[in-house]
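Overview (structure and organization)
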Amino acid sequence: MKITLGKIEFTVAPVESGLREALLADPIMAQGVWRDVYRWDAAAQTGQVLVPAQGKDAAVPLGNGLSFFIPRVGAGGVVTKNDGASARMAARFLDAVGARQILDVITAINRLVNLPYKSLPLDTFAPVNAAASYLLRMHVDYGIVQLRDAGRNLTAYLFLPGQVAFHHEITAITDAPAYEALIAATPALTAPQPAFVVPPRTEANLAIRRIALGRRLEDMRPVIERLAGPEGKLADGPEARSFARLVSEWRALTPPAKTRA
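Attention in this report is confined to the structure presented alongside it. (Residues numbered from 1 in each chain as written. Predicted model: local features only at pLDDT ≥ 70, side-chain atom pairs only at ≥ 80, totals over all residues. Heavy atoms only, no water.)

In this section: the packing of aromatic side chains. Here a ring pair, both rings aromatic, is described through the centre-centre distance and the interplanar angle of the planes. According to the stated counting rule, one finds 5 aromatic pairs in the structure shown. Plain terms: the ring middles of Tyr-142 and Phe-159 are 5.9 Å apart, the flat faces sit at 80 degrees to each other, and that makes the pair edge-to-face. Taken together, the positions of Tyr-142 in strand 10 (residues 132-149) and Phe-159 in strand 11 (residues 154-173) put the pair 17 residues apart, joining distant regions of the chain. Residues Tyr-142 and Phe-159 agree in their burial class; the two are buried. Among the aromatic residues, those joined into a ring-pair cluster are Phe-10, Phe-68 and Phe-93. Lying over the aromatic face of Phe-196, Lys-118 brings its terminal NZ or CZ to 3.7 Å of the ring centre. Seen from the ring of Trp-250, Arg-210 lies directly overhead, with NZ or CZ sitting 4.3 Å from the centre. (Phe/Tyr/Trp six-rings, centres within 6.5 Å; stacked < 30°, edge-to-face > 60°. Helix = DSSP H or I, 4+ residues; strand = E, 2+ residues; numbered from the N terminus. Buried < 20%, exposed > 50% of the residue type's maximum accessible area, 1.4 Å probe, protein only. Lys NZ or Arg CZ within 6 Å of the ring centre and 35° of its normal.)

This is how it looks when you write it as structure tokens:
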């Protein structure tokens, strides 16, 4: 697959898991992975949205990202960012596509792949409101691909939101008996984490995310096969849950056979 930015055609390629982890560890990109999005004050019985949002449903933008990352392999094979070389790549990239700043490129990418939004699922956490204060955090799981023009030796990494989940952290219990009774009746409320697959909206978004997701599933295969053992049964655990989430997204991005035909 290829996409065009500033009249330059970039090849879209998947990113292997080790590099993906290094890309997500970049402090700038990490800000988009976990965000505090809402705070509830049980004493005042008021809530506050902590990020820019639209409409009465508090629809929060799930930003697409662009990173310039030239790796440096350190001791033990650990991959880190070469800051100087990465900055030079960013400058060359912007100059080549005729952009003054990265925001200009992101705007063009948003037109191509869509800028997704997600309404905060406040109703899920509303039962806690009477008895406790909490902070609602949003986690975005990104599909990452490399954009490359080999002829000009240009590379960048594109981040597209694939799934979004919400987790609340109790900050104060204002009515202990009511909170204990609530949790006794509904234990799942101790850590509800509603998760959603982000709709692709455009053909480009769909194709790019399938490229990224296919590589992640392939990279996980040896781990899953080892954990499954000879009987093929996969016990519950972080790897199994992560694999299940990726499979659910893959299914959501895979059109029915009739549509594909």
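On to the environment of Leu-160. Structurally, the position occupied by Leu-160 is in strand 11. Separated by 40 residues in the primary sequence, Leu-160 and Pro-200 place their C-alpha atoms 9.6 Å from one another. Non-local contacts of Leu-160, meaning those with residues more than four positions away in its chain, are made with Asn-64, Val-113, Asp-141, Tyr-142, Gly-143, Asn-205, Ile-208 and Arg-209. (Contact = heavy atoms within 4.5 Å.)

This paragraph deals with the nonpolar core. Core analysis: the biggest nonpolar cluster contains 35 residues, and Leu-23, Met-138 and Tyr-157 have the highest contact counts within it. Elements with a contribution of two residues or more to this core: helix 1 (17-25), helix 2 (27-33), strand 3 (34-41), strand 10, strand 11 and helix 6 (176-185). For this core, the element with the most residues is strand 10, which contributes 7 residues. With near-sequence residues (within four places) excluded, Leu-23 lies in contact with Val-15, Met-29, Ser-67, Phe-69, Ile-144, Tyr-157 and Phe-159. In terms of nonpolar packing, the next biggest core, distinct from the first, is built from 26 residues, Met-89, Leu-94, Ala-99 and Ile-109 among them. (Core = buried A, V, L, I, M, F, W, Y, C linked by side-chain atoms within 4.5 Å.)

The next thing to look at is the pairing of strand 10. In terms of burial, strand 10 is largely enclosed, as 15 of its 18 residues are buried. As judged from the 6 bridges shared by strand 3 and strand 10, these two strands associate in the antiparallel manner. Counted as the bridge partner of Trp-34 is His-139 from strand 10. Both strand 10 and strand 11 contribute to a ladder of 18 bridges, which runs antiparallel. Directly across from Arg-148, in strand 11, lies its bridge partner Thr-155. Between the end of strand 10 and the start of strand 11, which pair antiparallel, lie 4 residues, with Asn-153 showing a positive phi angle near 55 degrees. (Pairing = 2+ DSSP bridges.)

Attention now moves to the pattern of salt bridges. Within this structure, the stated rule accounts for 10 salt bridges. As a salt-bridge pair, Asp-26 and Lys-81 come within 2.9 Å of each other at their nearest N and O atoms. In this pair, Asp-26 sits in the loop between helix 1 and helix 2 while Lys-81 sits in strand 8 (residues 79-81), placing the two residues 55 residues apart along the sequence. With a relative accessible area of 25%, Lys-81 lands in the partly exposed category. Asp-149 is paired through a salt bridge with Arg-152; the nearest N and O atoms lie 2.7 Å apart. With a relative accessible area of 9%, Asp-149 lands in the buried category. Overall, Arg-152 belongs to the partly exposed group, its relative accessible area being 45%. By sharing partners, the salt bridges in this structure join Arg-20, Asp-141 and Arg-216 into a single network. (Salt bridge = Lys/Arg side-chain N within 4 Å of Asp/Glu carboxyl O.)

Time to look at unusual backbone geometry. The backbone of Asn-153 sits at a positive phi, close to 55 degrees, despite the residue not being glycine. Following the sequence through the fold, Asn-153 ends up in the loop between strand 10 and strand 11. A positive phi is found at Arg-201, a non-glycine position, where the angle reads about 70 degrees. Mapping Arg-201 onto the fold places it in the loop between strand 12 (195-197) and helix 7 (203-228).

Moving on, we get to empty space enclosed by the protein. For the coordinates displayed, the defined rule picks out 1 cavity of 30 Å³ or more. There is about 40 Å³ of room inside the largest cavity. Lining the largest cavity are Asp-141, Tyr-142, Gly-143, Gly-162, Arg-209, Ala-212, Leu-213, Arg-216 and Glu-249. When contributions to the lining of the largest cavity are tallied by element, the ones reaching two or more residues are strand 10 and helix 7. When residues in the lining of the largest cavity are grouped by element, the largest group, 4 residues, is from helix 7. Here the residues of the lining of the largest cavity sort into 3 nonpolar, 2 polar and 4 charged. (1 Å grid on protein atoms, 1.4 Å probe; cavity = no way out; pocket = protein on both sides within 12 Å on 5 of 7 lines; lining within 4 Å. Points joined across faces, edges and corners; volume = space filled by probe spheres on them. Nonpolar A, V, L, I, M, F, W, Y, C, P; charged D, E, K, R; others polar.)

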